[in-house]
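Structure at a glance
Residue-level listing of the chains:
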Amino acid sequence: MQVIKKDNTAEEFIDEKIIDAVKKAAFRCDTMIDDDGLSCIATEVRTRLGDRADVTVAELHELVIAVLSFLQYKQVAEAYAEYRYYKTTYARTFEQLRQDADDVLRLGDRENANYDSSLVSTKGSLIKGYLTKSLYKQFYLSGKEKALIERGDIYIHDLRDMILGCINCCLFDIGHVLKDGFEMSNVQYSEPKTVLSALQVIGDITLVATAQQFGGFTLPELDKVLLPYVMKSLTSARHKYADLGLDAETIARVTARDVERELEQGFQSLELKLNTVPCSRGDFAFTTITFGQWDPVKYTEEERHWLMKISSIMLQVRRNGHGKDGKPVVFPKLVYLYDEKQIAEDKASSELLDEAVKTSAQCMYPDYLSLSSENGSVSEIFQKYGAITSPMGCRAFLSLWQNEDGEAITIGRCNIGAVSLNLPIILKLAQLQHPDSWRTDFWRILDERLEFIRAFFKKRYDIIRNQKCSSNPLAFTQGGFYEGTKSPDDRVGDLVRYMTASFGITALDEATYLWSGQRLVEEGGEFSASVLRHLKEKLQTFKEEDGYLYAIYGTPAESLCATQARQYDRFCADEGVDNVFRHTEHYSPEYFTNSFHVNVTEDITPFEKQDREFIDFHLCEGGHIQYVRLDNPENFAAVKAVIARGMKKGFYQGVNFDSAYCGDCGQHSTNVLFKCPHCGSENLSVISRVCGYLGYSNVNGMSRMNDGKMAEIRNRRSM
């Protein structure tokens, strides 16, 4: 029997094609059909065709739908028909896409502060993202997954990128890529011969590599990566000045001056590139640089001096800003690696810490990561294995993973994505379904949602495992990732064994209120800790059974803070119940609170906030940051005290205020959002903490942040 296709060509009738199509339809409606059932369906289709010589594709589709209904697979028949009549679905979808595109073209998009949607390139990327997101939801998610997403029980982050099969945040091994040269975009690059050229090439690599993934791109321990190139520049400069017949003292002085100038120019170039040139994805490369930790025993006095110089010049460039008035920038995110023993024993390290605190007091960055505390997995891994787990993006962290030799590997690894729970919806659902036993029912529904997320991640791991290495060549063929020196046509394969998947948690403050009638800061954290401990236990079981690295992620919720609040409000309206957050002090229907943090409206001191978030911070090992709001960041001693206390507690610590630059008078000020205190101008560029990273809350009266986040910023007292 021949099947006549739409273009009038013919091919042999094959039962397996019917079976494959039915399997896909069954998946979309979360139905399992065993092999006997599938065989029965194919046999019934062939029986009904009898001894016909041929059949058209259109007839065949209708027959399959009829057979599925006849054999009582009604849900599968509906799913098959939905796919079959895709023109109707596409008409609805493309009408929505047209509306989304019009909105971007006219109004821009503020879902992510990392996008400048006034740019043509960004508009194009956003419109493409609406299409890929729609395609993925329509054809790659099951019916249950779509239903949970639409209601809001779960949120798949970066849904626009899922169809591409790419990875998420990473700790990119830039040192491995640079050493001995590399290939990028079919061009062979030689290893840099100076630190200036190294920084320029690092900027190029960052723009290319970040376009092949979504999420944060970290250049871990960059000071140590740059040290060999500093030494090359020193050697070159010494030879140059020795040939001029200068004395040794003069050679040392001018050589140091030249290399310091190279570092200054290199970091200026890197900052300008990352803040003005979007990568081909349309967003600015969300780059993080970590620095500041070195073992004094492993380096000579000269090397320690230059490790300090590399980082201090990077900090000076950040403080100086750009242009004649020193306008500040937001990228790259800077993170100081705090090793208490090193700081106490090494003068250069102590001086560098003061430079870092001085910079934080002016620019908010750097944030600080504790390596020497008695608390936290990052400190534990560093002290036990000597490996530093740098943060990725705003707050993501990798789980411990050891290679076959027992070494803890951190650099050259990545995350595959995050899926977050909407705890208030899950709680409210339990209260509505089982009013007399809702507290017990909450845990049952929560476990069901965790199983859905688990199943989704298992599919993600399989998709990435089967990607070709040519899809991200710098990572998988040029050594950016651990063991990432495969051939372009190879599959990613077992490299997924060190990739982490994140189970996100948001709105613990709002969930606590629904559970107890008290805010998180009043209730004391008993409920939030019980939720996180429950997740930790479940994820440990999942890890043992699946062989994957799952982690608890304190979701930063940038646009999600507003999305989940809207979803909860809509859910309450659909169910005909009251949304308590519409008329309860400290809460807003416009946004939910980030992850495990206390409400931004709380009137508490920085030390009180550190204490209140301590337990939950350390239960969210796969993604967390602790930050406090400062009213007087110019008080150096106070800033340093907050940071030092955070380091004792094992935090990834940030300090917050609003940093404003006036475009009219050129003055800088802090904790100002809309009007310059020096001249009264509204021509301000204001940098605020978005969630775990910095963004523009005001640029000449406009914001790159969404309305929900801006409402939260206006209410901040403790963030």
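Refer to the preceding data block for the structure.
Here the residue index of a chain counts from 1 through its sequence in written order. Owing to the predicted nature of the model, reporting of local features is limited to residues with pLDDT of at least 70; listing and counting of side-chain atom pairs is limited to 80 or more, with chain, interface and lining totals taken over all residues. Excluded from the side-chain calculation are hydrogens and water; included are all heavy atoms of the structure.

Some points on the pattern of salt bridges
For clarity, the threshold we go by: Every case where a carboxyl oxygen of Asp or Glu lies within 4 Å of a side-chain nitrogen of Lys or Arg is listed as a salt bridge. Each helix is a run of DSSP H or I of at least 4 residues and each strand a run of E of at least 2, with the numbering of both proceeding from the N terminus. Per-residue accessibility, obtained with a 1.4 Å probe over protein chains only, is compared with the maximum for each type, and a residue is labelled buried under 20%, exposed over 50%, and partly exposed between these values.
Inspection of the entire model under this criterion finds 52 salt bridges. Measuring nitrogen to oxygen at the nearest pair gives 3.6 Å for the salt bridge that ties Glu 404 to Arg 497. Here Glu 404, found in the loop between α16 (377–385) and β12 (413–422), pairs with Arg 497, found in the loop between α19 (473–476) and β13 (500–506); they are 93 residues apart in sequence, far enough to count as distant. Judged by relative accessible area, which is 62%, Glu 404 ranks as exposed. On the basis of relative accessible area, Arg 497 is assigned to the partly exposed category, the value being 21%. Through salt bridges with shared partners, a single ionic network connects Arg 151, Asp 153, Asp 441, Arg 444, Glu 448 and Arg 449.

Digging into the environment of Glu 16
Mapping Glu 16 onto the fold places it in helix α1 (residues 15–28). Exposure remark for Glu 16: the relative accessible area of 54% places this residue in the exposed category. For the pair Glu 16 and Val 55, spaced 39 residues apart in sequence, the C-alpha separation works out to 16 Å.

What about the packing of helix α10 (residues 195–210) against helix α11 (residues 222–242)?
Counted only if it meets this: Only the stretch in contact is used when fitting a helix axis, every axis being a line fitted to C-alpha atoms; angles between N-to-C directions are given from 0 to 180 degrees. For classification, angles of less than 35 degrees are called roughly parallel, those exceeding 145 degrees roughly antiparallel, those between 65 and 115 degrees roughly perpendicular, and all remaining angles oblique. Contacts are assigned to residue pairs with any non-hydrogen atoms lying within 4.5 Å of each other.
Contact geometry for α10 and α11: axes closest at 8 Å, N-to-C directions at 140 degrees. The orientation of α10 relative to α11 falls into the category oblique. Contact with α10, carried on its side by Val 195, Ala 198, Leu 199 and Ile 202, involves Leu 222, Leu 226, Tyr 229, Val 230 and Ser 233 of α11 and no other residues of that element.

Description of unusual backbone geometry
Cis geometry is adopted by the peptide bond preceding Pro 332, which originates at Phe 331 and carries an omega value of -5 degrees. Cis geometry is adopted by the peptide bond preceding Pro 366, which originates at Tyr 365 and carries an omega value of 5 degrees. Of note in the backbone geometry, Glu 221 takes a positive phi value of approximately 50 degrees without being a glycine. Here the phi dihedral of Asn 671 falls at roughly 55 degrees; this positive angle occurs in a residue that is not glycine. The residue Asn 671 is located in the loop between β18 (668–670) and β19 (684–689) in this model.

A few points about the side chain of Thr 287
Examined against the element boundaries, Thr 287 turns out to sit in strand β9 (residues 287–291). Sequence-distant contacts of Thr 287, defined by excluding residues within four places in its chain, comprise Thr 206, Phe 217, Leu 219, Leu 274, Phe 331, Pro 332 and Lys 333.

Here we look at the packing of helix α2 (residues 35–49) against helix α3 (residues 57–70)
For the record, the criterion: We call a crossing left-handed when the near helix sits turned anticlockwise from the far one by less than a right angle, and right-handed when that turn is clockwise. By the convention adopted, Pro, Cys, Tyr, Trp, Phe, Met, Ile, Leu, Val and Ala count as nonpolar, Lys, Arg, Asp and Glu as charged, and the other residues, Gly among them, as polar.
Here α2 crosses α3 at 120 degrees, and the two axes come no closer than 10 Å. In this view, α2 runs oblique relative to α3, as classed from their interaxial angle. α3 is crossed by α2, and the crossing has right-handed handedness. Along its contact with α2, which presents Ile 41, Glu 44, Val 45, Arg 48 and Leu 49, the element α3 presents Leu 60, Leu 63, Val 64, Ala 66, Val 67, Leu 68 and Phe 70. When grouped by side-chain class, the residues that make up the contact of α2 with α3 number ten nonpolar, no polar and two charged.

Quick look at helix α22 (residues 526–546)
Here is the rule: Helix span is expected to be 1.5 Å times the residue number reduced by one.
Under the 1.5 Å per step criterion, the end-to-end length of α22 is 30 Å for 21 residues, consistent within 8% with the ideal 30 Å. Three or more residues of α22 are buried, namely Phe 527, Ser 528, Ala 529, Val 531, Leu 532, His 534, Leu 535, Leu 539, Phe 542 and Asp 546. Just past α22, the residue Gly 547 takes up positive phi, approximately 80 degrees.

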